[in-house]
Amino acid sequence: MRTRKQELGSRNIVGKAVEERRKAINMKQRDLLTQLQIKGIEINASGLSKIEGQLRSVNDYELKALSEVLGVSVNELLGIEK
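Residues numbered from 1 in each chain as written. Predicted model: local features only at pLDDT ≥ 70, side-chain atom pairs only at ≥ 80, totals over all residues. Heavy atoms only, no water.

A. Representation of the overall build of the protein chain. In terms of helices and strands, the protein chain carries 5 helices and 0 strands. Radius of gyration (C-alpha) of the protein chain: 12 Å, near the 12 Å computed for a compact globule of 82 residues. Its C-alpha atoms give the protein chain principal-axis dimensions of about 30 × 25 × 25 Å. The buried share of the protein chain, reckoned over its 82 residues, is 34%. A fraction of 59% describes how many contacts in the protein chain between residues 6 or more apart in sequence connect residues 24 or more apart. A total accessible area of about 5,400 Å² is found for the protein chain, and carbon and sulfur atoms account for 46% of it. Taken as two groups, the 15 positive and 11 negative side-chain charges of the protein chain have centres that lie 6 Å from each other. (Helix = DSSP H or I, 4+ residues; strand = E, 2+ residues; numbered from the N terminus. Rg over C-alpha atoms; globule rule 2.2 N^0.38 Å. Buried < 20%, exposed > 50% of the residue type's maximum accessible area, 1.4 Å probe, protein only. Contact = heavy atoms within 4.5 Å. Areas by Shrake-Rupley, 256 points an atom, 1.4 Å probe, with all protein chains shown as cover. Lys, Arg positive; Asp, Glu negative; His and termini not counted. Charge placed at Lys NZ, Arg CZ, Asp CG, Glu CD.)

In structure tokens:
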């Protein structure tokens, strides 16, 4: 598993939670991308990496799909509840 080379950005507040949850359920980025594509969300590997690194904004429909695929609530991704 690679470690992040850059500091986390400030373009979103869900990226860290997305990465932590994905890793907690032993999901690879490519598997997450596949599941998102099934839901009609077109994000490439670079885009997902930027989301997780908080270097790219997340749209509301992307946030909803991420929560569904990762099996957590939108609130949990936003850090509102644990």
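B. Layout of helix H2 (residues 29-38). For H2, every residue scored as buried is listed here: Leu32, Leu33 and Leu36. Relative to the axis of H2, the buried residues are bounded by an arc of 100 degrees and lie together on one face. Facing away from the buried surface of H2 by more than 90 degrees, the exposed residues are Arg30 and Ile38. Elements that come into contact with the buried residues of H2 comprise helix H1 (15-24), helix H3 (45-52) and helix H4 (60-70). At the exit of H2 stands Gly40, carrying a positive phi of roughly 85 degrees. (Arc of directions from axis to C-beta.)

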